[in-house]
There are 2 protein chains.
Amino acid sequence: MSVTSNASSTESPDTDFRIDAGWIITMNAGNDVLPRHSLIVENGRISACLPWRDADVQFAHLPAQNAKDSILMPGLINAHTHLAMNLLRGFADDTPLKQWLENHIWPTESAHMGTSFVADGSELAIAESISNGVTTVNDMYFFPDEVAKVCRKAGIRATVGLLVFDFPTAWAGSTDEYFSKGIALHDACKGDPLIQTAFAPHAPYTVSQKPLERIATLSSELDIPVHMHVHETAFEVTEFVKAHGVRPIQRLHDIGLLSPSLLAVHLTQLTQDEISTLAETGVHAIHCPESNLKLASGQSPVADMLKAGVNVAVGTDGAASNNDLDLLGELRTAAFLAKLADGDASTLNAGTALRMVTIDAARALGLEHEIGSLEHGKSADCIVIKPDLGMIPVYDAQAQVVYTNSSPCVQDVWVAGKPLMRNRKLLTLDAERLYANAARWSEKIAENANLN
Amino acid sequence: MSVTSNASSTESPDTDFRIDAGWIITMNAGNDVLPRHSLIVENGRISACLPWRDADVQFAHLPAQNAKDSILMPGLINAHTHLAMNLLRGFADDTPLKQWLENHIWPTESAHMGTSFVADGSELAIAESISNGVTTVNDMYFFPDEVAKVCRKAGIRATVGLLVFDFPTAWAGSTDEYFSKGIALHDACKGDPLIQTAFAPHAPYTVSQKPLERIATLSSELDIPVHMHVHETAFEVTEFVKAHGVRPIQRLHDIGLLSPSLLAVHLTQLTQDEISTLAETGVHAIHCPESNLKLASGQSPVADMLKAGVNVAVGTDGAASNNDLDLLGELRTAAFLAKLADGDASTLNAGTALRMVTIDAARALGLEHEIGSLEHGKSADCIVIKPDLGMIPVYDAQAQVVYTNSSPCVQDVWVAGKPLMRNRKLLTLDAERLYANAARWSEKIAENANLN
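Residues numbered from 1 in each chain as written. Chains lettered and ligands numbered in written order. Predicted model: local features only at pLDDT ≥ 70, side-chain atom pairs only at ≥ 80, totals over all residues. Heavy atoms only, no water.

Participant: Explain the overall build of chain A here, please?
Facilitator: Along its length, chain A carries 16 helices and 16 strands. Relative to a compact globule of 452 residues, whose C-alpha radius of gyration would be 22 Å, chain A shows 22 Å and is just as compact. Along the first, second and third principal axes, the C-alpha atoms of chain A reach 70 × 45 × 45 Å. A burial count over chain A gives 65% of its 452 residues as buried. Long-range contacts, defined as pairs at least 24 residues apart, comprise 72% of the intrachain contacts of chain A with a sequence gap of at least 6. Of the roughly 15000 Å² of accessible surface on chain A, a fraction of 49% belongs to carbon and sulfur atoms. (Helix = DSSP H or I, 4+ residues; strand = E, 2+ residues; numbered from the N terminus. Rg over C-alpha atoms; globule rule 2.2 N^0.38 Å. Buried < 20%, exposed > 50% of the residue type's maximum accessible area, 1.4 Å probe, protein only. Contact = heavy atoms within 4.5 Å. Areas by Shrake-Rupley, 256 points an atom, 1.4 Å probe, with all protein chains shown as cover.)

Participant: Could you clarify how one ought to interpret the relation of the copies chain B and chain A in this entry?
Facilitator: Two copies of the chain are present, and they differ by a rotation about an axis and a shift along that axis. Note on the identical chains: chain B maps onto chain A by a rotation of 180° and an axial translation of 0.0 Å, with an RMSD of 0.0 Å. In short, the pair behaves as if placed about a two-fold rotation axis. Taking the C-alpha atom as reference, chain B places B:Pro408 closest to the rotation axis, 3.3 Å from it. Both copies contact each other with a shared surface, as 100% of the interface residues of chain B are interface residues in chain A too. (Least-squares fit on C-alpha atoms with pLDDT ≥ 70 in both.)

Participant: Looking at this model, I keep getting lost on helix 9 (residues 272-281) of chain A. Mind explaining?
Facilitator: Structural remark: α-helix, 3.6 residues per turn; residues separated by three or four positions point the same way. All names here are of chain A. Glu-274, Ile-275, Thr-277, Leu-278 and Thr-281 are the residues of helix 9 that are buried. Buried residues of helix 9 fall within an arc of 160° about the axis and therefore sit on the same side. Opposite the packed face of helix 9, turned more than 90 degrees from it, sit the exposed residues Asp-273 and Glu-280. Of the surrounding secondary structure, the elements contacted by the buried residues of helix 9 are helix 8 (248-255) and helix 11 (302-308). (Arc of directions from axis to C-beta.)

Participant: Where do I start with the sheet that holds strand 13 (residues 382-385) of chain B in this structure?
Facilitator: Through backbone hydrogen bonds, the strands of a sheet pair up, either in parallel or in antiparallel fashion. The mixed open sheet is built from 8 strands, whose spatial order is 3-2-1-4-13-14-15-16 (chain B). Sheet topology places strand 3 (45-51) and strand 16 (425-426) of chain B at the edges, where each strand pairs with a single neighbour. (Pairing = 2+ DSSP bridges.)

Participant: Please clarify how the packing of helix 5 (residues 175-189) of chain A against helix 6 (residues 209-222) of chain A should be interpreted in this entry.
Facilitator: Angle between the axes and distance between the axes are the two parameters that describe a pair of packed helices. Residue and element names in this part refer to chain A. The contact between helix 5 and helix 6 brings their axes to 12 Å, and the two run at 15°. When the axes of helix 5 and helix 6 are compared, the pair comes out roughly parallel. Viewed along their axes, helix 5 and helix 6 form a crossing whose handedness is right-handed. Facing Thr-175, Asp-176, Phe-179, Ile-183 and His-186 of helix 5, the residues of helix 6 in contact are Pro-211, Arg-214, Ile-215, Leu-218 and Leu-222. In terms of residue class, the contact of helix 5 with helix 6 is built from 6 nonpolar, 2 polar and 2 charged. (Axes fitted to C-alpha atoms, helices over the stretch in contact; angles between N-to-C directions. Parallel < 35°, antiparallel > 145°, perpendicular 65-115°, else oblique. Left-handed = near helix turned anticlockwise from the far one by under 90°. Nonpolar A, V, L, I, M, F, W, Y, C, P; charged D, E, K, R; others polar.)

Participant: For this particular structure, what's the right way to read the sheet that holds strand 16 (residues 425-426) of chain A?
Facilitator: Residues and elements named next belong to chain A. Spatially, the 8 strands line up as an open sheet ordered 3-2-1-4-13-14-15-16, and their pairing is mixed. At either margin of the open sheet sits one strand with a lone partner, and together these are strand 3 (45-51) and strand 16. Judged from the 2 bridges that link them, strand 15 (residues 418-422) and strand 16 form a sheet pairing that is antiparallel. Looking across to strand 16, one finds that Met-421 is bridged to Leu-426.

Participant: How should I be thinking about the interface of chain B and chain A in this particular structure?
Facilitator: Quoted interface sizes are often the accessible area lost when the parts come together. Contact residues are listed per partner, giving 60 residues for chain B and 60 residues for chain A. Inspection of the chain B/chain A interface yields 2 salt bridges. In this structure, A:Lys339 and B:Asp94 form a salt bridge, with 2.7 Å as the shortest nitrogen-oxygen distance. Across the chain B-chain A interface, the total number found is 27 residue pairs in polar contact (both at pLDDT 80 or more). Mapped by element, the contributors of at least two residues to the side of chain B that touches chain A are helix 3 (115-131), helix 10 (289-294), helix 12 (327-342), helix 15 (397-403) and helix 16 (431-448) of chain B. A per-element tally of the side of chain B that touches chain A places helix 16 of chain B first, with 7 residues. (Salt bridge = Lys/Arg side-chain N within 4 Å of Asp/Glu carboxyl O. Polar contact = N/O pair within 3.5 Å; in protein donor to acceptor, adjacent residues only side chain to side chain.)

Participant: Hey, could you run me through the packing of aromatic side chains in this one?
Facilitator: Here the distance between the centres and the angle between the planes together describe a pair of aromatic rings. Summed over all chains, the structure comprises 18 aromatic pairs over all chains. Considering the side-chain rings of B:Tyr141 and B:Phe142, the 5.0 Å spacing of their centres and the 70° angle between planes classify their relative orientation as edge-to-face. For the pair formed by B:Tyr141 and B:Phe142, the shared burial category is buried. Their ring planes at 45° and their centres at 6.0 Å tell us that B:Phe179 and B:Phe199 sit as a pair that is tilted. With B:Phe179 in helix 5 (residues 175-189) and B:Phe199 in strand 8 (residues 195-201), this residue pair connects regions lying 20 residues apart in the sequence. Feature note: the residues A:Tyr141, A:Phe142, A:Phe165 and A:Phe167 constitute an aromatic cluster, connected by ring pairs. Taking the ring centre of A:Trp441 as reference, the NZ or CZ of A:Lys444 above it sits at 4.4 Å. (Phe/Tyr/Trp six-rings, centres within 6.5 Å; stacked < 30°, edge-to-face > 60°. Lys NZ or Arg CZ within 6 Å of the ring centre and 35° of its normal.)

Participant: Is there a simple way to think about the packing of helix 3 of chain B against helix 16 of chain B in this case?
Facilitator: All names here are of chain B. Where helix 3 contacts helix 16, the two axes come as close as 10 Å, and the packing angle between them is 130°. The angle between helix 3 and helix 16 falls in the class oblique. Relative to helix 16, the crossing made by helix 3 is left-handed. Of helix 16, the residues touching helix 3 (which contributes Ser-116, Phe-117, Asp-120, Glu-123, Leu-124 and Ala-127) are Arg-433, Leu-434, Asn-437, Ala-438, Arg-440, Trp-441 and Ile-445. Residue composition of the contact of helix 3 with helix 16, grouped by class: 7 nonpolar, 2 polar and 4 charged.

Participant: Is there a simple way to think about the layout of surface pockets in this case?
Facilitator: Any space left empty among the atoms is revealed by the rolling of a water-sized probe across them. Residue and element names in this part refer to chain A. Empty space within the second largest pocket amounts to approximately 470 Å³. The wall of the second largest pocket is formed by 29 residues, among which Trp-106, Glu-109, Phe-142, Phe-165 and His-202 lie closest to the centre. Grouping the constituent residues of the lining of the second largest pocket by class yields 17 nonpolar, 9 polar and 3 charged. (1 Å grid on protein atoms, 1.4 Å probe; cavity = no way out; pocket = protein on both sides within 12 Å on 5 of 7 lines; lining within 4 Å. Points joined across faces, edges and corners; volume = space filled by probe spheres on them.)

Participant: I would appreciate a short explanation of empty space enclosed by the protein in the present structure.
Facilitator: On inspection of all chains with the given rule, the structure shows 3 cavities of 30 Å³ or more. In this model, the largest cavity occupies a volume close to 280 Å³. As for the largest cavity, its lining consists of 23 residues, and the residues nearest its centre are B:His82, B:Met85, B:Leu101, B:His202 and B:His229. Of the residues in the lining of the largest cavity, the class split is 14 nonpolar, 6 polar and 3 charged. Roughly 90 Å³ of volume is contained in the second largest cavity. Lining the second largest cavity we find 13 residues, and of these A:Glu290, A:Gly329, A:Arg332, A:Thr333 and B:Arg332 sit closest to its centre. Mapped onto the lining of the second largest cavity, the elements with two or more residues apiece are helix 12 (327-342) of chain A together with helix 12 of chain B. Examining the composition of the lining of the second largest cavity, we find that 5 residues originate from one element, helix 12 of chain A, more than from any other. Grouping the amino acids of the lining of the second largest cavity by side-chain chemistry returns 2 nonpolar, 4 polar and 7 charged.

If you want it as structure tokens, here you go:
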């Protein structure tokens, strides 16, 4: 919808409004930060961005959101998570990855896995995500059909993972069933304005060559991304080499999976040659620093990847290994680690870092024409951050968003022009119900694990 | 005051009350976490800790604070900060330490330094500290008399640093004046229940041998700690060796400053021998991981120091190099880094980590008999953390406090039984005034720096 088409209308639909912001962090190609500007939203899309005084003249007819003491920026994109794992947040903490998965997480998931676990866990995670300014999630978990349902209900944008394992799980009993259920879900999401799908083979050590070849073919045919854990720990790489004689990334390359369709998550173990290969093939690296630290998995060479030209986005991983879905906090950790690794405080500056949870993450998901920056024609996925006593003064809006604890200052959240949170009140989810659900599940899970 | 002395009284003073908590994180020697317990506070001190049902019988006469869905724990101790630097938060970010100090921070400080800068900056920082659950600060800055005044007004507990430099600053024109002003302030604070002092020689490269010798003697005579930046960067160590032929820690050892009175801050550059020396001499290490990362200064070998038996506390450093005073976030970063450095997810588990901002920090400040744990006879410095959607479910209260973004969930804060924050509303400071002050200062500072 053009700027002028609605200008003479006397009644505006709910998705037509303006936000008058103290600073607009655009995340456009020049990383422009515009002080005292208004964002104009018409029919859920951005139609203009101009100084307050001009907005007062040209868009006086639109309802105005007053964010004059606040920062407006694109909604955040969490490039890797397992939403439903919020129900296992803090379960068996301070345990090494292999033991954590094999002795705690996997048995507990097996005991409780089903549509209701996934629906309740995902809903809790989406509530937390929205309250932290996240407007798009890239999820990988069992029962992705439930995940899609809950995202739709909450109004959040999502890429749901069509999970594939070599072994049977509660979601599918055979390789064929993983594919048939996945493709059925993909078909069901066609035309959905907010939900898209990606293949989600768990990892090279849990999905063998044949299904990976099938995924390479199908992802190309269906034109959807492939979302996969790759080189998370040194142990898994060593074991893979023992079993197959090549490193997992080489195997993926041989299969043809290294391409701009691949979102490779974690990447804590990379040779310089592998970094070059990722850059040449256009693979997107998804960096989850806090999960890697908490599980002592290692540190992804982000500064080196950026120098090589690899596109890097950031994800929180699931809440069970983090323990929160605070994406701006995750980004802060990413920036800090890159500076230390590089020995240079100017490495991964605030503006560059912010791209990793906005426009560069959008690019990884193939959504860069729709979201990731506040530019004309894009969907109005945006958030207002109101600096509290821990964020002032504001000399540099981008630095304050990245380097302070800014997530609790996220005040308002819109997806496609629809408000999901106003003044920190969730509008599409029932918070009281979420507290009750979490308490009910944790009692059940703890009882089952003989923790009580 | 004993438990029974007040039991029959019909009127309780304001500092007599009970808090009924879902979980009490005691930070006692056994790191006990007590579910469904009440903390009894009489005359500002902890007189008992017992199950709700027993409190209902024995302490029915005391006003009860309902925190039955919340976590009660000792108030946090920020073991290293420069409060007033909150006014420079985000000023000249993404700049290496030397350049940041010499081209930005020090010239700006020189241009604006004075009682009003320190009073306004400290007040803003204390407000932020309280809202993050900090009840004790160990500060080092110019005009420590102003810092003491503001702390007293706010009701926060503080160790104020008696600053010493070799060169003149706005606070003192000569070495003698640093000492005379420092000792005058020390005398003025005598008998103050909440304010104590420490000598605060800035660093081995800014304070020469003679004043350091004087500090060694005086700190022993006055029985106060010494608070000093030590081995913050590789550069400063190399330069010191060039100039003096020994590493700074050796110089401090020769002077007799390595003792349980010393709080050595940063310590990113340590040999194994130096770690042993710190352990043998009883020096307290103050770890500021986020400042070290943000300025790319290096990483303190915390896991190695803990193994060697060094007492480690955590500080945020000033907000200008962090950029927040979120001590629980700082602790999360500390735990994550130690796990990675050690290659073991069980290193620095949540319970051990929490000691570094409570009882072990109290020990560093010589206050372990007064604060740092919720035990009989200690001062009622405590906080209530109410888990929000980003902290539930709670399987393990300590893990959730450390590994989630828990600071914004700090609900209530008491120091010596006096409430400083209730339901996130500050009671001793005027938030509106702080916003106005910060805006005024940042305009002035930015204008002066030609940033506008």
